[in-house]
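# Close look at the chain arrangement
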Amino acid sequence: MNNKMSVIGVPMDLGQSRRGVDMGPSAMRYAGAIEKLQSLKEDIHDLGDIAIERPDSQQEQDDTNLKNLPQVIKANEELASLVDGVIEKGRFPVILGGDHSIAIGSLAGISRHYNDLGVIWYDAHGDLNSGETSPSGNIHGMPLAVSLGIGHDKLINLHGDGPKIKAENIVIVGARSLDPGERELIRERGIKVFTMHEIDRMGMPKVMEETINYLKERTDGIHLSLDLDGLDPSEAPGVGTPVIGGMTYRESHLAMEMLAESGVITSAEFVEVNPILDEKNKTGEMAVGLMGSLFGEKLK
């Protein structure tokens with residue numbers, strides 16, 4: 001794994017309705033994210049946070065049901081350009097969110113440097129909705145679909161026309177809340193998913209072993225998109241969209257340790273930390289702990 005890393009904060013909560021995840025980057029920084037990375041890697045550049053434009057209450061809405069679409073596009077365009085530049089300089093991008101809609105920009109910027117970018121989507125949700133299937137219109141439930149070329153044209157064509165990833169290069173880990181349209185898309189496209197049922201039956205070591213082997217065979221880089229709501233809310237209460245019955249903190253550490261040992265991860269993002277809903281920044285600290293395991297730290 002690349003020892004030269006650049007950290008980008010994206011303090012945005014416009015991809016969903018619940019306020020607070022815009023403070024996620026600050027919560028992770030307060031919990032020692034930069035210090036953790038500096039203790040593990042030799043060259044860390046903190047590029048600070050992207051400035052997020054708030055919607056004007058008088059502003060005309062786009063003719064869609066997608067909430068805050070212009071602002072989400074603007075922030076993701078900036079993120080995509082920054083990430084693109086980081087990789088161009090031979091550095092590993094670490095992105096701190098923010099709601100999960102920021103993955104639209106992450107994947108748009110990263111995918112320009114790979115022919116077959118793989119994605120590990122560590123999440124309770126599939127985030128495979130579009131304006132047609134979304135019950136809420138929240139764009140944080142759409143980034144994986146958008147990156148596959150499904151959804152609003154302005155999102156699909158952000159930082160380069162068309163799809164950014166292929167369905168066969170995705171593995172979703174920890175899913176336990178999928179909308180009907182997402183289930184149908186998973187079946188249609190043959191997307192590989194390890195639900196909590198598989199994790200309970202197989203165990204995390206087998207799930208991660210299969211995930212790593214599956215993606216190593218077909219990809220030339222792998223992006224980890226880790227939503228803290230993948231963990232059970234009893235352990236990670238400060239998240240944007242909690243769903244009971246999730247992965248444990250220890251299972252998640254093991255998953256990150258196995259990814260570290262494999263050396264396959266080429267970019268990573270940590271999203272949906274909501275300190276307003278948290279307990280003394282417990283979830284921000286968990287995010288930093290998982291970063292440590294991903295980047296080579298072992299629990300004693």
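Everything numeric here is computed off the predicted structure, so don't read it as measured data.

### Regarding the pattern of salt bridges
- Throughout the structure, instances matching the rule amount to 11 salt bridges.
- Where K206 meets E210, a salt bridge forms, and the shortest distance between an N and an O atom there is 3.9 Å. Here K206 pairs with E210, and both are found in helix 9 (residues 204-216), just four residues apart, close to one helical turn.
- Classification of E210 as partly exposed rests on a relative accessible area of 27%.
- By sharing partners, the salt bridges in this structure join D13, R19, D22 and R54 into a single network.

### Some details on the pairing of strand 5 (residues 170-175)
- In terms of burial, strand 5 is a largely internal element, six of the six residues being buried.
- Relative to strand 5, strand 4 (residues 117-122) is paired through four bridges, and the arrangement is parallel. Bridging across to strand 5, Y122 finds its partner in V173.
- Handedness of the β-α-β unit built from strand 5, helix 7 (residues 180-189) and strand 6 (residues 192-195) comes out right-handed.

### Side note on helix 10 (residues 249-262)
- Between its first and last C-alpha, helix 10 extends 20 Å over 14 residues, near the 20 Å set by a 1.5 Å rise per residue.
- Buried residues of helix 10: S252, H253, A255, M256, E257, M258 and L259, and no others.
- Turning to helix 10, the residues buried within the fold contact strand 4, helix 9, strand 7 (221-227), strand 8 (265-271) and helix 11 (282-294).
- Count one or two residues on from helix 10 and you reach G263, which has phi positive near 70°.

### A few points about unusual backbone geometry
- Across the junction of G97 and G98, the peptide omega takes the value 15°, indicating a cis bond.
- Assignment of secondary structure puts G98 in the loop between strand 3 (92-97) and helix 4 (103-110).
- Positive phi values are uncommon outside glycine, yet D127 reaches one of about 50°.
- Assignment of secondary structure puts D127 in the loop between strand 4 and helix 5 (143-147).

Rules used throughout
Residues numbered from 1 in each chain as written. Predicted model: local features only at pLDDT ≥ 70, side-chain atom pairs only at ≥ 80, totals over all residues. Heavy atoms only, no water. Salt bridge = Lys/Arg side-chain N within 4 Å of Asp/Glu carboxyl O. Helix = DSSP H or I, 4+ residues; strand = E, 2+ residues; numbered from the N terminus. Buried < 20%, exposed > 50% of the residue type's maximum accessible area, 1.4 Å probe, protein only. Pairing = 2+ DSSP bridges. Right-handed = clockwise from strand over helix to strand, strands pointing away. Expected span 1.5 Å × (residues − 1). Contact = heavy atoms within 4.5 Å.

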